[in-house]
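Here are the chains, one letter per residue:
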Amino acid sequence: MSRPDEPTPINLVFDEPPQRKKIPKHLADFSPEGRREFAKELGLPAFRAGQMANHYFTHLSPDPQSWSDIPAEMRESFAEKFTPSLITLVRSVTCDNGMTRKDLWKLHDGVLVESVLMRYTDRTTVCISSQAGCGMDCPFCATGQAGLTRNLSAAEITEQIVAAARTCASGELPGGPTRLSNVVFMGMGEPMANYNAVMRSLRNITDPTPDGLGISARSVTLSTVGLVNGIEKLTAEGLPVTLAVSLHTPDDELRDTLVPINSRWKVKEVLLAADAYAEKTGRRYSIEYALIRDINDQTWRADLLGRLLKNRNAHVNLIPLNPTPGSKWTASRKEDEAEFLRILESYGVATTVRDTRGREIDGACGQLAAAESSK
Ligand code: SAH
């Protein structure tokens, strides 16, 4: 919502940076209705779009020769038209005996992004990127340091998820074949700053097969620095994904530095928008809080956060700061982390400490930099 005293037009954060090379169209860029239109524009009957969506989302089958309901001589050209390959694997790095895997992807114009696949006993989660780089400039996050290269298209986002679903189904991960159960928008980029593409990809994830992957909205988490206009738009969509807000401190003074967009939307406004989201969807939201030694881990800040959150439908995720190149900041002492947790719990605020999966392969929160030279 714009305010009369605010000279900066808010839709600035939705502006697309210029594309250097046009991204090929893919069925995952469109709604089911849009896909039928797309087929017609290609001079094909609309039902072909549904068949291709079925191969893509239901069967996860990239091999045109397996598409028995498409005439053999058309399969290759259908593959190119409906499901051109938009991301190419450059390298995978694994840790945790193969249960965590970071993939580096090259997009059609050479731009690099990363995703991380994590298998747990009860679920398998992919953490995906919504932008190449990020424009939010949070000083403790590696992704922000190089700035924003460009937005990803809906299909480029979806391709990361479909690739993860294929990996799960193929049995490549230790433990044998499994189903991709969770998707988190916690890789590179600020999802709310690429709203339309992210929204289309959310539909692709949650729409039942054959229109989408049929993953339940509650198993999808969208994490944001707190772009209030984006949170408000998402609230209006009626899609109950889990909302995570990267708060990192309860006071505006420090948050102006840690999460610079705070100069536009203050802590209270962000929390009110998240409250409205929780109210509308019935879903508890998460507050992410990277604990940085002697910066935001003081007991008074835990008290302030406890007071702010005690009557809200929110859960706190404390994240021990992951190291990033060139940063002088480091994770809190274990005793300070424990005290911070204890204080929050004393206010009745549900709090967990997030694991640091993938840290040794630079695949944990805030470490994705997608350089060819990285580990
Ligand atoms: N732009 C979105 C999505 C990124 S999600 C957002 O900021 O929410 C990645 C999460 O990891 C965010 O909560 C982010 O603040 C956090 N993070 C960034 N750098 C980190 C670091 N070095 N250590 C721990 N968490 C970090």
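Starting afresh in each chain, residues are numbered from 1 along the sequence in its written order. Confidence filtering applies because this is a predicted model: local features only for residues at pLDDT of at least 70, side-chain atom pairs given and counted only at 80 or more, and all residues used for totals across whole chains, interfaces and linings. Side-chain numbers here rest on the full set of heavy atoms in the structure, without hydrogens or water.

1. Points about the nonpolar core
As a rule of thumb, nonpolar side chains are buried together in soluble globular proteins. We count it as follows: Among buried residues, those of type Ala, Val, Leu, Ile, Met, Phe, Trp, Tyr and Cys that are joined through side-chain atoms within 4.5 Å constitute a nonpolar core. For every residue, the accessible area obtained with a 1.4 Å probe (protein chains only) is divided by the maximum for its type, and the residue is called buried under 20%, exposed over 50%, and partly exposed between those limits. Boundary definitions for the domains trace back to an automatic or database domain assignment. Whether two residues touch is decided by their heavy atoms; if any such pair falls within 4.5 Å, the residues are in contact.
Judged by nonpolar contacts, the single largest core of 115 residues is most densely connected at Leu180, Val183, Leu202 and Leu243. Both domain 1 (27–82) and domain 2 (87–373) contribute no fewer than three residues apiece to this core. Ignoring sequence-local partners within four residues, the contact set of leucine 243 consists of Met192, Leu222, Thr224, Ile231, Leu234, Ala274, Tyr277, Tyr285 and Ser286.

2. Quick notes on the side chain of arginine 48
Note the following rule: Each helix corresponds to a stretch of at least 4 residues labelled H or I by DSSP, and each strand to a stretch of at least 2 residues labelled E; elements are numbered beginning at the N terminus. Only four residue types enter the charge count, namely Lys and Arg as positive and Asp and Glu as negative; His and the chain termini do not. A pairing counts as a salt bridge when a side-chain nitrogen of Lys or Arg comes within 4 Å of a carboxyl oxygen of Asp or Glu. Pairing of N or O atoms within 3.5 Å defines a polar contact, subject to two protein rules: one partner must be a possible hydrogen donor and the other a possible acceptor, and residues neighboring in sequence count only if both atoms are side-chain atoms.
Summarising the element assignment, arginine 48 is placed in helix H2 (residues 47–58). Buried arginine 48, no salt bridge; nearest opposite-charge side chain is aspartate 69, N-O distance 6.3 Å. There is a polar contact of 3.4 Å between the side chain of arginine 48 and the backbone oxygen of aspartate 69. Leaving out residues up to four positions away in the same chain, arginine 48 has contacts with Asp69, Ile70, Pro71, Phe78 and Phe82.

3. Notes on the site of the ligand
The condition that has to hold: By convention in these notes, a residue is near a molecule or strand provided one of its non-hydrogen atoms lies within 4 Å of it. Per-residue and other accessible areas follow the Shrake-Rupley method at a 1.4 Å probe size, with only the shown protein chains counted as cover for residues. Polar here means any residue outside two lists: the nonpolar Ala, Val, Leu, Ile, Met, Phe, Trp, Tyr, Cys and Pro, and the charged Asp, Glu, Lys and Arg; Gly therefore counts as polar.
Neighbouring the ligand are 20 residues, the closest being Phe140, Ser223, Ser246, His248 and Asn322. Summarising the interface, the protein chains cover 95% of the accessible area of the ligand, which totals 530 Å² for the free molecule. Put simply, the parts of the chain that give the shell around the ligand at least two residues each are strand S8 (220–224) and strand S10 (285–291). When its residues are assigned to classes, the shell around the ligand shows nine nonpolar, nine polar and two charged.

4. Some thoughts on the pairing of strand S3 (residues 112–119)
Our working rule: The pairing criterion for strands is at least two bridges between them, as found by DSSP.
Counted residue by residue, S3 has eight buried out of eight residues, so it is predominantly covered. Of the two faces of S3, both are covered, the one formed by Leu112, Glu114, Val116 and Met118 as well as the one formed by Val113, Ser115, Leu117 and Arg119. Both strand S2 (residues 100–107) and S3 contribute to a ladder of seven bridges, which runs antiparallel. Note that in S3 the partner of lysine 102 across the bridge is valine 116. Connecting the antiparallel pair S2 and S3 is a turn made up of four residues, with glycine 110 showing a positive phi of about 90 degrees. Here S3 pairs with strand S4 (residues 124–127) via four bridges, running antiparallel.

5. A word on the confidence of the model for the protein
Note the following rule: Scored from 0 to 100, pLDDT reflects the predictor's confidence in each residue.
On average, residues of the protein score 93 in pLDDT, and 94% of them reach the 70 mark or higher. Low pLDDT, under 50, characterises residues 1–15; the predicted model gives this stretch 21 contacts beyond four residues in sequence or across chains.

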